[in-house]
Amino acid sequence: MKKKHSSNRAIFILESPWELDDGDANRSSVLPFIEGIAKYAGDVEVLHANFYDKSSFKKALGFLSKKRYENAVIYIASHGGEVSIGGVKTGDILFEIGEVAKSLNITGVMLGACLAGGNTINMEVFTEGTNITWCAGYSTEVFWMRGTLLDCSIIGRMLDLDDDDGDFNDKKAIINALGEAIAPFSKSNAFGIRKKPTRLDESVEFVVQARGKGKVAQTVTEDVFKVWDTKQI
């Protein structure tokens, strides 16, 4: 019998078609980028499924939800809007993730979709009551390649957090990791668009909820960028 392979960490990718140009017949995908991050990190399993609407999103999430990991991150990769991601209401997506977060030990959620992170209160409410410790998303439209590279940097760094070291109980440790993840990216270069070009610190938002009794979800974007400042030379 073939020995069953087992990894301790995982990245769950739920992606909808991008159609970045007229000839993009499901050509563009974040999958190869994330596979590179996983290979670099080692001991990281990548699970990928496509979704097209609410029903297929729920089925895709259920298909991926087979095993509990020490550290698992969900990556939603899709076109987005102020109230929906890939044609599915953002609230519905966050609710479905919350339903499986504890059983899979989902530690964080990366909303890789334009405008999906603009409502930080929604992100805070979603995070409350789950064991998810961080959520990141964009408050503007973002350039596809730049956004994908930032998503990869965030996901790769957050996979380094270790429950055995108490990282998920430490708000400061989570914020520091997020700040370190975005530190290689310029804050002054155009990263997104909101009627006019926007800087990185105008385009991305972060919510953190350390685990432990009495701890609540809070928007920590300013704190994350303070860490960014300390990493510049």
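This text follows the structure it describes.
The structure presented is a predicted model; accordingly, all values stated were derived computationally and were not measured.

Colleague: What is the right way to look at the overall build of the protein chain in this model?
Modeller: A tally of regular secondary structure across the protein chain gives seven helices and twelve strands. Against the globule reference of 17 Å for 233 residues, the protein chain gives a C-alpha radius of gyration of 17 Å, in line with a compact fold. Counting only C-alpha atoms, the protein chain reaches 55 × 45 × 35 Å along its principal axes. The burial tally for the protein chain puts 51% of its 233 residues in the buried class. Contacts in the protein chain between residues at least 24 apart in sequence constitute 73% of all its contacts with a sequence separation of at least 6. Distance between charge centroids for the protein chain: 3 Å, based on 28 positive and 32 negative side chains.

Colleague: Can you help me understand helix H2 (residues 54–64) in this one?
Modeller: Since the α-helix turns once every 3.6 residues, residues separated by three or four places project in the same direction. Those residues of H2 lying buried are Ser-56, Phe-57, Ala-60, Leu-61 and Leu-64. Buried residues of H2 fall within an arc of 135° about the axis and therefore sit on the same side. Looking at H2, the residues exposed on the side facing more than 90 degrees away from the buried face are Lys-58, Lys-59 and Phe-63. The inward-facing, buried residues of H2 abut strand S1 (9–15), strand S2 (44–50), strand S3 (71–77) and helix H3 (90–104). The opening residue of H2, the one whose side-chain oxygen lies 3.3 Å from the backbone nitrogen of Ser-55, is Asp-53.

Colleague: How do you make sense of unusual backbone geometry when you look at a structure like this?
Modeller: Negative phi characterises most residues that are not glycine, and trans characterises most peptide bonds. In this model, Asp-43 sits at a positive phi of 55°, which is unusual for a non-glycine residue. Tracing the chain through its elements places Asp-43 in the loop between helix H1 (31–41) and S2. Residue class for Asp-43 comes out partly exposed when judged on its relative accessible area of 38%.

Colleague: Where do I start with the sheet that holds strand S8 (residues 141–142) in this structure?
Modeller: Within a sheet, each strand pairs with its neighbour through backbone hydrogen bonds, oriented either parallel or antiparallel. Within the open sheet, the three strands sit side by side as S8-S9-S10. Their pairing is antiparallel. Each end of this open sheet is capped by a strand with a single partner; those strands are S8 and strand S10 (196–198). Relative to strand S9 (residues 192–194), S8 is paired through two bridges, and the arrangement is antiparallel. Following the sheet pairing, Val-142 is matched in S9 by Gly-192.

Colleague: Got a minute to help me understand the side chain of Thr-133 in this structure?
Modeller: Note that Thr-133 resides in the loop between helix H4 (120–127) and strand S7 (134–138). A distance of 2.7 Å separates a polar side-chain atom of Thr-133 from the backbone oxygen of Thr-107. Other than its neighbours up to four places away in sequence, Thr-133 contacts Thr-107, Phe-168, Ile-174, Val-207, Val-208, Gln-209 and Arg-211.

Colleague: Whenever I open this one, the pairing of S3 confuses me. Can you help?
Modeller: Side-chain positions along a regular strand alternate between the two faces of the sheet. With seven of its seven residues buried, S3 lies for the most part within the structure. With burial as the criterion, each face of S3 is covered, one bearing Asn-71, Val-73, Tyr-75 and Ala-77 and the other bearing Ala-72, Ile-74 and Ile-76. Sheet topology places S1 next to S3; seven bridges connect them, and they run parallel. Within S3, the residue paired with Ala-10 across the bridge is Ala-72.

Cut-offs applied
- Residues numbered from 1 in each chain as written.
- Predicted model: local features only at pLDDT ≥ 70, side-chain atom pairs only at ≥ 80, totals over all residues.
- Heavy atoms only, no water.
- Helix = DSSP H or I, 4+ residues; strand = E, 2+ residues; numbered from the N terminus.
- Rg over C-alpha atoms; globule rule 2.2 N^0.38 Å.
- Buried < 20%, exposed > 50% of the residue type's maximum accessible area, 1.4 Å probe, protein only.
- Contact = heavy atoms within 4.5 Å.
- Lys, Arg positive; Asp, Glu negative; His and termini not counted.
- Charge placed at Lys NZ, Arg CZ, Asp CG, Glu CD.
- Arc of directions from axis to C-beta.
- Polar contact = N/O pair within 3.5 Å; in protein donor to acceptor, adjacent residues only side chain to side chain.
- Pairing = 2+ DSSP bridges.

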